[in-house]
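Architecture at a glance
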Amino acid sequence: QVQLVESGGGLVQAGGSLRLSCAASGRTDSYTMGWFRQAPGKGREFVAAISWSGGSTYYADSVKGRFTISRDNAKNTVYLQMNSLKPEDTAVYYCAARERVPTVASGAYDYWGQGTQVTVSS
């Protein structure tokens, strides 16, 4: 069983940066890790994913060039560095894990964290 705990959310002005962390209990070094977000009144949206080795990364077009996903398997932690934040990035951000190859489909992920709120003011 894998448990995921996100941290690092908060309130930031537009143009600012935040780094989210997702700490996993249990071994996740063979898992794909992903970040999703959900804004009020909207569905859960894919943000980024990283393969188990860290060798492959995937991003939503809306965050490409601004966000960077990375992982430290020795620490069982995955990160999401968010730069040049925009008000439309405001959402609850969720960390997720799955045993197979990366995918943008939220339904394909087996484990989820509780989420961390990111609010970007204009």
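A few points on the structure. (Residues numbered from 1 in each chain as written. Predicted model: local features only at pLDDT ≥ 70, side-chain atom pairs only at ≥ 80, totals over all residues. Heavy atoms only, no water.)

On to the overall build of the protein. A count of helical and extended segments in the protein gives 0 helices and 11 strands. A compact globule built from 122 residues would reach a C-alpha radius of gyration of about 14 Å, and the protein, at 13 Å, matches this within 12%. Expressed as lengths along the three principal axes of its C-alpha atoms, the size of the protein is roughly 40 × 25 × 25 Å. The proportion of buried residues among the 122 residues of the protein is 43%. Restricting to contacts in the protein with at least 6 residues of sequence separation, those with at least 24 account for 57%. For the protein, the exposed surface amounts to about 6100 Å²; the carbon and sulfur share of it is 47%. In the protein, 12 positive and 9 negative side-chain charges are present, and the distance between their average locations comes to 2 Å. (Helix = DSSP H or I, 4+ residues; strand = E, 2+ residues; numbered from the N terminus. Rg over C-alpha atoms; globule rule 2.2 N^0.38 Å. Buried < 20%, exposed > 50% of the residue type's maximum accessible area, 1.4 Å probe, protein only. Contact = heavy atoms within 4.5 Å. Areas by Shrake-Rupley, 256 points an atom, 1.4 Å probe, with all protein chains shown as cover. Lys, Arg positive; Asp, Glu negative; His and termini not counted. Charge placed at Lys NZ, Arg CZ, Asp CG, Glu CD.)

Using the criterion set out here, one finds 5 salt bridges in the structure. Linking Asp61 and Lys64 is a salt bridge whose minimum nitrogen-to-oxygen distance equals 3.2 Å. Since its relative accessible area comes to 66%, Asp61 is described here as exposed. According to the relative accessible area criterion, Lys64 is exposed, its value standing at 51%. (Salt bridge = Lys/Arg side-chain N within 4 Å of Asp/Glu carboxyl O.)

One can find Tyr111 in strand β10 (residues 111–112). For Tyr111, a relative accessible area of 18% puts it in the buried group. Separated by 71 residues in the primary sequence, Tyr111 and Pro40 have C-alpha atoms spaced 22 Å apart. Among all residues touching Tyr111, those that are not within four sequence positions of it are Gln1, Val2, Leu4, Tyr31, Cys95, Ala96 and Ala97.

Next up on the list: the sheet that holds strand β3 (residues 18–25). Taken together, the 4 strands give an open sheet; going across it, the order is β1-β3-β8-β7, and neighbouring strands pair in antiparallel fashion. Whereas interior strands pair on both sides, the edge strands pair on one side only; in this sheet they are β1 (3–7) and β7 (67–72). Direction aside, the axes of adjacent strands within the sheet are offset by 15° on average. By the bridge criterion, 5 bridges tie β1 to β3 in an arrangement that is antiparallel. Directly across from Gln3, in β3, lies its bridge partner Ser25. (Pairing = 2+ DSSP bridges. Axes fitted to C-alpha atoms, helices over the stretch in contact; angles between N-to-C directions.)

With that settled, consider the nonpolar core. With 34 residues, the main nonpolar core has Leu4, Met33, Trp35, Leu80, Met82 and Tyr93 as its most contacted residues. Residue assignment for this core shows that the elements contributing at least two residues are β3, β4 (32–38), β5 (45–50), β7, β8 (77–82), β9 (91–98) and β11 (116–121). Beyond its immediate stretch of four places on either side in the chain, Met82 contacts Gly16, Ser17, Leu18, Leu20, Arg66, Phe67, Tyr93 and Val118. (Core = buried A, V, L, I, M, F, W, Y, C linked by side-chain atoms within 4.5 Å.)

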